[in-house]
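What follows is the residue order along each chain.
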Amino acid sequence: MSDIRNKLYFVSDAHLGSGDDSRERELSLCRLLDTMKADAKRLVLLGDMFDFWFTYKHVVPRGHVRLLGKLAELADAGVEIHYYIGNHDMWLFDYLENEVGAVMHSEPDIVEFDGRRFLIGHGDGLGGFDPGYDRLKKVFRNRACQRMFALLPPKLTFPIAQRWSDSNKLKHQREGLQHYLGDDREGIVIYIKERMQQERFDYAVFGHRHTPLLMDIQNNPSTLITPIKYVNTGDWLDHRSYAVYSEGNLELREVN
Ligand SMILES: [Mn+2]
């Protein structure tokens, strides 16, 4: 068992708690995570695993116990867990850190694995397309606003949050964001190109788009810098897609 644990897995956007098939998605996700137990060195969750979450000081929101239990199982088996908070679960705070020792990330950052450098993030609000969203995010990430939310009864706040989350999804569908929009309209791609001018990295892995993508990115065709490989993990709603890296190979996979 010693040396086979060398893989790096990426999963995102399960949005557990939304839709009639949430339990079924959770079960199939747990089956996938189960297969990782033997060979995963690290599991990176790229955000929006939960459609809505709020970590209170003394109580835990209902649901998702299978996923939480599975993450605990992986952590106890020695798998490192990293979590990049998404726009739907940005209020996880220290819950997964305390329960499963997850390393929490709130912004895209570059991490090393197996001598390679990965730019990793959830992917919301990148590329400067949506100043309104940037303002909203500041409010949502404001400590005073969070403390206020924590004081209100969940019976009041959870239905509001759920409705807001549903309206986001409808917006997503209506705008036809399911497809690749083109290099100049993909916020994540624009962001990757910006980072490429400042730092060296080999791979970029994001979620949020709900569209599995695997492509080379060259920030400037005239330079000799080798292109980086960009993978978008897609989602665990319609695609059941995820990414895996081992020994110099980053792959996108889909579960049938
Ligand atoms: Mn998202």
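Before any of the text, the structure's been laid out above.
What you are looking at is a predicted structure, and each value in this text was computed from that prediction instead of being measured.

Student: What am I meant to see in the sheet that holds strand S7 (residues 203-206) here?
Tutor: Strands pair in a sheet through their backbones, by hydrogen bonds, and they do so in one of two ways: parallel or antiparallel. Here 5 strands make up an open sheet; going across it, the order is S5-S6-S7-S9-S8 and the pairing mixed. Only two strands of the sheet have a single neighbouring strand rather than two, namely strand S5 (109-113) and strand S8 (212-217). Averaged over all neighbouring strand pairs, the angle between strand axes comes to 20°, with direction disregarded. Across 4 bridges, strand S6 (residues 116-121) lies against S7 in parallel orientation. Considered in S7, the bridge of Phe118 is made with Tyr203.

Student: Mind showing me how you'd approach the coordination of the manganese ion here?
Tutor: Octahedral six-donor coordination of a metal ideally yields angles of 90 or 180 degrees, compared with 109.5 degrees for tetrahedral four-donor coordination. Coordination of the manganese ion by the protein involves Asp48 (OD), Asn87 (OD1), His122 (NE2) and His208 (ND1), with metal-donor separations of 2.1 to 2.3 Å. Summarised as a motif, the one-chain spacing of the donors to the manganese ion is D-x38-N-x34-H-x85-H. With Asp48 in the loop between strand S2 (40-45) and helix H2 (65-76) and Asn87 in the loop between strand S3 (80-84) and helix H3 (95-100), this pair connects stretches of sequence that are 39 residues apart. In this structure, Asp48 and Asn87 share a single accessibility class: buried.

Student: Looking at this structure, how should I read unusual backbone geometry?
Tutor: Its identity as a non-glycine residue notwithstanding, His15 has a phi of 45°, on the positive side. Following the sequence through the fold, His15 ends up in the loop between strand S1 (7-11) and helix H1 (22-36). Positive phi outside glycine occurs at Phe93, with the angle close to 50°. Positionally, Phe93 belongs in the loop between S3 and H3.

Student: Where do I start with a nonpolar patch on the surface in this structure?
Tutor: There is a patch of nonpolar side chains on the surface, built from Leu152, Leu156 and Ile160 and spanning about 270 Å² of accessible area. Position of Ile160 among the secondary structure elements: in helix H6 (residues 154-174).

Student: What should I look at first to understand the packing of aromatic side chains in this one?
Tutor: Pairs of aromatic rings are described using the distance from one ring centre to the other and the angle between the two planes. Enumeration over the complete set of coordinates arrives at 21 aromatic pairs. Summarising the aromatic geometry, the rings of Tyr191 and Phe206 are spaced 6.3 Å apart at their centres and angled 85° between planes, so their arrangement reads as edge-to-face. Linking Tyr191 in helix H7 (residues 187-198) with Phe206 in strand S7, this pair joins segments that are 15 residues apart in sequence. A relative accessible area of 13% places Tyr191 in the buried class.

Student: What exactly am I supposed to notice about the nonpolar core here?
Tutor: Within soluble globular proteins, side chains that are nonpolar generally end up buried alongside one another. Val11, Leu29 and Leu43 are the most contacted members of the largest nonpolar core, which has 41 residues in total. For this core, the element with the most residues is H2, which contributes 5 residues. The residues touching Val11, leaving out its near neighbours within four places in the chain, are Leu29, Leu32, Met36, Leu43, Val44, Leu45, Leu46, Met49, Thr233, Trp236 and Tyr242. By size, the runner-up hydrophobic cluster in this structure holds 16 residues, among which are Ile188, Ile192, Leu213 and Tyr230.

Student: Help me understand the packing of H1 against H2, please; the structure alone is not making it clear to me.
Tutor: When two helices pack together, their arrangement is given by the angle between their axes and by how far apart the axes lie. Their axes nearest at 9 Å, the elements H1 and H2 cross at an angle of 10°. What the angle tells us is that H1 and H2 run roughly parallel. Across the interface between the two elements, Arg23, Glu26, Leu27, Leu29, Cys30, Leu33 and Asp34 of H1 pack against Val65, Arg66, Leu67, Lys70, Leu71, Glu73 and Leu74 of H2. Class assignment for the residues of the contact of H1 with H2 results in 8 nonpolar, no polar and 6 charged.

Student: How should the pattern of salt bridges be read in this particular structure?
Tutor: The full count for this structure, using the stated rule, is 16 salt bridges. The partner of Glu251 in a salt bridge is Arg253, and the shortest N-O contact between them spans 3.2 Å. Assessed through its relative accessible area of 33%, Glu251 is described here as partly exposed. Among the charged side chains, a network of salt bridges with common partners joins Asp21, Glu24, Arg25 and Arg240.

Student: Can you help me understand H7 in this one?
Tutor: The periodicity of an α-helix, 3.6 residues per turn, causes residues three or four positions apart to be oriented the same way. Here H7 contains 12 residues, and its C-alpha end-to-end distance of 17 Å stays within 8% of the 16 Å for a straight helix at 1.5 Å per residue. Regarding H7, the residues found buried are Gly187, Ile188, Val189, Tyr191, Ile192, Arg195 and Met196. Elements in contact with the buried residues of H7: S5, S6, S7, S8 and strand S9 (228-233).

About the thresholds
Residues numbered from 1 in each chain as written. Predicted model: local features only at pLDDT ≥ 70, side-chain atom pairs only at ≥ 80, totals over all residues. Heavy atoms only, no water. Pairing = 2+ DSSP bridges. Helix = DSSP H or I, 4+ residues; strand = E, 2+ residues; numbered from the N terminus. Axes fitted to C-alpha atoms, helices over the stretch in contact; angles between N-to-C directions. Donors = N, O, S within 2.8 Å, 3.2 Å for Na, K, Ca; no water. Buried < 20%, exposed > 50% of the residue type's maximum accessible area, 1.4 Å probe, protein only. Patch = residues over 30% accessible without salt bridge, like charges linked within 9 Å, V, L, I, M, F, W, Y side chains within 5 Å. Areas by Shrake-Rupley, 256 points an atom, 1.4 Å probe, with all protein chains shown as cover. Salt bridge = Lys/Arg side-chain N within 4 Å of Asp/Glu carboxyl O. Phe/Tyr/Trp six-rings, centres within 6.5 Å; stacked < 30°, edge-to-face > 60°. Core = buried A, V, L, I, M, F, W, Y, C linked by side-chain atoms within 4.5 Å. Contact = heavy atoms within 4.5 Å. Parallel < 35°, antiparallel > 145°, perpendicular 65-115°, else oblique. Nonpolar A, V, L, I, M, F, W, Y, C, P; charged D, E, K, R; others polar. Expected span 1.5 Å × (residues − 1).

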